[in-house]
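# Coordinates in review
Here's the letter readout for the chains.
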Amino acid sequence: MNEKPKQSSKIWTDLDIDAPGKQTGFLWLPLAVHDRSGDDAGYNCEPIPIATIRNGEGPSVLLMAGNHGNEYEGQVILMKLIRALNVEDVRGRLIILPAANAPAVRADRRNSPLDDGNLNRQFPGDPNGGPTSMIAHFIESVILPRVDYVVDLHSGSRNVEYLPCAVIARPPDPGQLEEALTRLRVFGMPTGMIIEHSTGGDGALIGACRRQGVKHLSTELGGGGDVNRAALELAEHGLARLLHHVGATKRPLSDRAAPECHFVARVLSRDYIYADSSERGLFEPLVGLNDRVAAGQVVGRIHFTTTPWRDPEPVVAKTDGIVLTRWLPARTGRGDCVFALGRDWSPSRTV
Ligand SMILES: [Zn+2]
């Protein structure tokens with residue numbers, strides 16, 4: 001075999017991520033490595049905050065938020081957790097990245113302002129690539145080999161509100177499905193989503209976890225550039241239950257029982273509900289998150305502000321489903337996905 005030697009990351013850290021105890025500090029991303037930082041960064045570095053807590057034998061867990069910079073609930077949850085957890089609370093180790101794509105977090109953007117990189121499409125990354133690709137490479141080549149589990153906290157984006165849910169990808173090995181579903185039940189969001197086909201493919205963190213043999217769980221918690229208080233609270237308790245379930249905390253950090261979890265999968269994206277009006281207008285939704293819609297149902301109307309007397313154009317569902325997301329901006333036109341749909345999921349049924 002003529003395998004190329006693996007190149008090591010140019011990102012460095014002044015803490016020893018394998019050391020026992022609780023440490024906080026930064027990963028330093030040198031912007032001079034590649035001329036893709038968008039501006040004259042000289043020898044500057046981008047600091048990416050990291051916390052590690054290690055206490056004896058036990059599982060290793062990566063907790064991540066800020067994969068997309070403008071998804072806020074998970075960032076708040078992990079900042080609170082870093083401050084709350086003591087070394088004695090932990091068994092094994094936690095590695096916490098509350099602002100994984102730090103430039104995107106700093107700019108309140110989904111993607112990095114340095115290279116427009118979407119971290120969740122850049123795995124396995126490149127140590128000599130742009131800043132976002134360097135972060136992906138560091139996570140996949142330095143952190144994932146050290147951990148058994150990843151919890152990656154997402155929300156809807158600035159323009160999309162998501163039905164709060166926890167998410168797993170269907171494991172490639174059918175023997176691992178029940179264990180993954182148990183993690184979903186323990187995390188205990190009222191809705192648990194099973195991803196049959198990842199939108200981001202191999203470039204997503206889900207793909208990186210599959211390559212590295214790491215068990216993955218993520219969330220979608222509200223969104224819309226907001227901090228959804230109810231979703232944040234559900235996920236905070238869910239994360240505490242999950243950490244104890246996998247053996248990563250010595251005592252349960254939540255005394256709240258997991259609510260019943262209803263399993264859903266997304267329908268094919270071509271069956272989502274799209275506006276199809278050539279003139280952009282104001283969208284009046286007639287259904288909301290978690291509502292069930294039927295094929296042929298009018299789920300909204302587009303009203304035309306230039307000709308207010310004109311009849312509004314109906315937006316119609318093509319398939320039965322459960323409303324998982326809604327597009328937030330009122331001004332809507334052809335191609336805007338006003339509602340993404342899911343369906344009830346059971347292990348025997350596939351898309
Ligand atoms: Zn996201």
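The rules behind these values
- Residues numbered from 1 in each chain as written.
- Predicted model: local features only at pLDDT ≥ 70, side-chain atom pairs only at ≥ 80, totals over all residues.
- Heavy atoms only, no water.
- Disulfide = S-S within 2.5 Å.
- Domains from an automatic or database assignment.
- Contact = heavy atoms within 4.5 Å.
- Buried area = accessible area lost by both parts, 1.4 Å probe.
- Salt bridge = Lys/Arg side-chain N within 4 Å of Asp/Glu carboxyl O.
- Polar contact = N/O pair within 3.5 Å; in protein donor to acceptor, adjacent residues only side chain to side chain.
- Nonpolar A, V, L, I, M, F, W, Y, C, P; charged D, E, K, R; others polar.
- Helix = DSSP H or I, 4+ residues; strand = E, 2+ residues; numbered from the N terminus.

## Observations regarding the state of the cysteines
Note on terminology: a disulfide is the covalent bond linking the sulfur atoms of two cysteines. Evaluation of the coordinates by the stated rule reveals 0 disulfides. The thiol of Cys261 is not disulfide-bonded; the next cysteine sulfur, from Cys165, is found 9.0 Å away.

## Observations regarding the domain arrangement of the chain
When cut into domains, the chain gives domain 1 (12-265) and domain 2 (271-344). Put simply, the middle of domain 1 and the middle of domain 2, counted by C-alpha atoms, are 32 Å apart. Counting residues at the interface gives 14 residues for domain 1 and 14 residues for domain 2. Taken together, the two surfaces of domain 1 and domain 2 that pack against each other cover about 1,100 Å², and 62% of this comes from carbon and sulfur. The largest contributions to the domain 1 side of the interface with domain 2 come from Asn159, Glu161 and Leu163, which together make up 48% of the buried area. Remark: the boundary between domain 1 and domain 2 carries 1 salt bridge. With a shortest N-O distance of 2.8 Å, Glu161 and Arg326 are connected by a salt bridge. Seen at the junction of domain 1 and domain 2, the total is 5 residue pairs in polar contact (both at pLDDT 80 or more). A per-class count over the side of domain 1 that touches domain 2 returns 7 nonpolar, 4 polar and 3 charged.

## Comments concerning the environment of Ile96
Summarising the element assignment, Ile96 is placed in strand β5 (residues 92-97). For the pair formed by Ile96 and Ile53, sequence separation is 43 residues and the distance between their alpha carbons is 8.5 Å. Sequence-distant contacts of Ile96, that is, excluding residues within four places in its chain, are made with Pro49, Ile50, Ala51, Leu63, Leu78 and Ile82.

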